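Geometric and topological summary
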Amino acid sequence: MAEITVREALNQALAEELARDANVFLIGEEVGHYNGAYKVSQGLLAKFGDNRVIDTPIAEAGFAGLAIGAAMAGLRPIVEFMTWNFSLVAIDQILNNAAKMHLMSGGQFNMSIVFRAPQGAGGSLSAQHSSTFESFYAYTPGLIVVSPSTPTDMRGMLKTAVRSDNPVIFLEHEKIYAIKGELDEPENVDYLVPFGKARVVREHENAQITIVCWSLTVHVVMQAANELQAAGIEVDILDLRSLRPVDSEALLAAVAKTHRVLIVQEATPVASYGSWLAYHIQQIAFDELDAPVRVLSSDDVPMPYAYSLEPQVLPNTQKIVAAVREVIA
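The present account deals with the structure reproduced in this document. Not measured: the values here are computed from a predicted model.

1. Observations regarding the overall build of the protein chain
Regarding its fold elements, the protein chain presents 12 helices and 14 strands. Over its C-alpha atoms the protein chain spans a radius of gyration of 20 Å, differing by no more than 12% from the 20 Å that the globule rule assigns to 329 residues. Seen through its principal axes, the protein chain has C-alpha atoms that stretch 60 × 45 × 40 Å. Among the 329 residues that make up the protein chain, the fraction classed as buried is 55%. Sequence-distant contacts in the protein chain: of pairs separated by 6 or more residues, those separated by 24 or more amount to 82%. Carbon together with sulfur atoms contributes 54% to the accessible area of the protein chain, which is approximately 13600 Å² in total. Charge-centre separation for the protein chain: the mean point of 23 positive side chains lies 2 Å from the mean point of 38 negative side chains.

2. Comments concerning empty space enclosed by the protein
Under the definition given, this model contains one cavity of 30 Å³ or more. In this structure, the largest cavity spans a volume of roughly 70 Å³. What lines the largest cavity is Q119, T132, E134, S147, H173, W214, S215, L216, T217, V264, Q265 and E266. Split by residue class, the lining of the largest cavity holds three nonpolar, seven polar and two charged.

3. Points about the environment of Q229
Inspection of the secondary structure puts Q229 in helix α8 (residues 217-230). Residues Q229 and R76 lie 153 residues apart in sequence; the distance between their C-alpha atoms is 46 Å.

4. Section: the sheet that holds strand β2 (residues 24-28)
With mixed pairing, seven strands are arranged side by side in an open sheet as β3-β2-β4-β5-β7-β6-β12. Of all strands in the sheet, those bounded by a partner on one side alone are β3 (53-55) and β12 (242-244). Neighbour-to-neighbour, the strand axes of the sheet open up by a mean angle of 20°, direction not taken into account. This element, helix α1 (residues 6-20), spans β2, β3, β4 (76-80), β5 (114-119) and β7 (168-173) of the sheet and lies at about 130° to β2.

5. Some remarks on the side chain of S87
Here S87 shows up in the loop between β4 and α4 (91-98). Discounting chain neighbours no more than four positions away, the residues touching S87 are F81, I94 and Y137.

6. Digging into the pairing of β4
The element β4 is extensively covered by neighbouring structure, given that five of its five residues are classed as buried. Burial along β4 is two-sided: R76, I78 and E80 facing one way and P77 and V79 facing the other are all buried. With three bridges connecting them, β4 and β5 associate as parallel partners. Looking across to β5, one finds that V79 is bridged to F115.

7. Thoughts on α8
In this model α8 runs 20 Å from its N-terminal to its C-terminal C-alpha over 14 residues, within 8% of the 20 Å that 1.5 Å per residue would give. When we look at burial in α8, the residues that qualify are T217, V218, V221, A224, A225 and L228. Taken around the axis of α8, the buried residues stretch over an arc of 120°, which confines them to a single face. Among the structural elements, β9 (199-202), β10 (209-213), β11 (235-239), β13 (261-264) and α12 (317-328) are those in contact with the buried residues of α8. At the C-terminal side of α8, G232 shows a positive phi close to 85°.

8. As for the packing of helix α3 (residues 60-72) against α4
One can describe the packing of α3 onto α4 by two numbers: an axis separation of 8 Å at closest approach and a directional angle of 25°. What the angle tells us is that α3 and α4 run roughly parallel. Every residue of α4 that contacts α3 at A61, A64, G65 and I68 is listed here: Q93, I94, N97 and A98. When its residues are assigned to classes, the contact of α3 with α4 shows five nonpolar, three polar and no charged.

9. Brief notes about the environment of Q223
Mapped onto the fold, Q223 is located in helix α8. Note on Q223: relative accessible area 47%, which makes it partly exposed. In sequence terms Q223 and N316 are 93 residues apart; their C-alpha atoms lie 9.3 Å from each other.

Thresholds, definitions, all that
Residues numbered from 1 in each chain as written. Predicted model: local features only at pLDDT ≥ 70, side-chain atom pairs only at ≥ 80, totals over all residues. Heavy atoms only, no water. Helix = DSSP H or I, 4+ residues; strand = E, 2+ residues; numbered from the N terminus. Rg over C-alpha atoms; globule rule 2.2 N^0.38 Å. Buried < 20%, exposed > 50% of the residue type's maximum accessible area, 1.4 Å probe, protein only. Contact = heavy atoms within 4.5 Å. Areas by Shrake-Rupley, 256 points an atom, 1.4 Å probe, with all protein chains shown as cover. Lys, Arg positive; Asp, Glu negative; His and termini not counted. Charge placed at Lys NZ, Arg CZ, Asp CG, Glu CD. 1 Å grid on protein atoms, 1.4 Å probe; cavity = no way out; pocket = protein on both sides within 12 Å on 5 of 7 lines; lining within 4 Å. Points joined across faces, edges and corners; volume = space filled by probe spheres on them. Nonpolar A, V, L, I, M, F, W, Y, C, P; charged D, E, K, R; others polar. Pairing = 2+ DSSP bridges. Axes fitted to C-alpha atoms, helices over the stretch in contact; angles between N-to-C directions. Expected span 1.5 Å × (residues − 1). Arc of directions from axis to C-beta. Parallel < 35°, antiparallel > 145°, perpendicular 65-115°, else oblique.

Right under this line is the structure:
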């Protein structure tokens with residue numbers, strides 16, 4: 001089976017959903033004539049026209065609000081921000097309107113809307129373009145939050161998001177678009193990946209620890225796992241994929257097998273999703289743990305601009321290997 005990039009998988013999902021349902025449209029900065037800031041929407045304007053692929057001014061609050069109104073009227077907008085950092089300009093629309101409209105209308109309005117964009121450190125993009133926001137959105141009831149790591153999951157989860165009647169926060173990553181992988185069922189236009197189901201990436205019968213991760217960190221953890229294996233240490237890897245809802249059953253099964261957990265996230269540590277996840281694991285699986293849950297995060301600083309400093313702030317392979325050795329000691 002031929003490999004495909006994350007960028008191509010997302011593009012395929014967008015094209016398939018635009019073709020499947022005339023109520024679906026894509027809106028955002030540079031999604032049309034420029035083919036997307038990261039070329040995810042390449043070719044879609046030519047194929048579907050400017051009524052379905054809509055370029056906007058740099059006015060996130062405006063086009064996010066427009067899309068929310070369209071969803072209330074029965075359409076299915078996909079909103080692309082150039083980066084999740086810029087979604088802060090539209091935060092009132094997302095948190096106070098998209099997340100709460102179904103409840104506050106007594107169920108009169110569905111909110112079939114997807115907000116998608118890259119986040120995280122992209123390589124010398126400075127502090128204002130390098131934040132990680134899953135905790136911000138997972139904190140808010142009414143939002144579904146997903147953060148896949150592979151081409152297959154990107155395609156399947158984006159299609160699930162577009163078909164959902166609830167607002168979905170779809171977290172990509174600045175550095176993930178060129179990553180390749182095999183695409184499951186490429187000809188199946190109805191191939192979906194459900195929310196709330198984690199994916200076992202790596203499993204060994206003698207694993208001493210489970211590493212829980214998502215998004216780009218999955219690929220960094222895989223590199224660390226290979227180094228650990230060479231040193232005689234086996235690890236299981238669980239890719240959450242879906243952050244809200246989270247797969248508590250998979251977490252419980254993982255802890256019951258290895259009895260030790262390391263969470264690896266790119267976010268900074270204070271009030272992070274990983275911090276909540278550590279609490280959640282200890283809440284549901286305390287008796288299965290042989291050691292406290294460890295959370296490995298980025299350093300608690302704004303992301304430096306210097307290309308040489310950025311990798312030192314992030315959870316790299318050396319830090320993951322060291323954290324694993326500490327937990328299993």
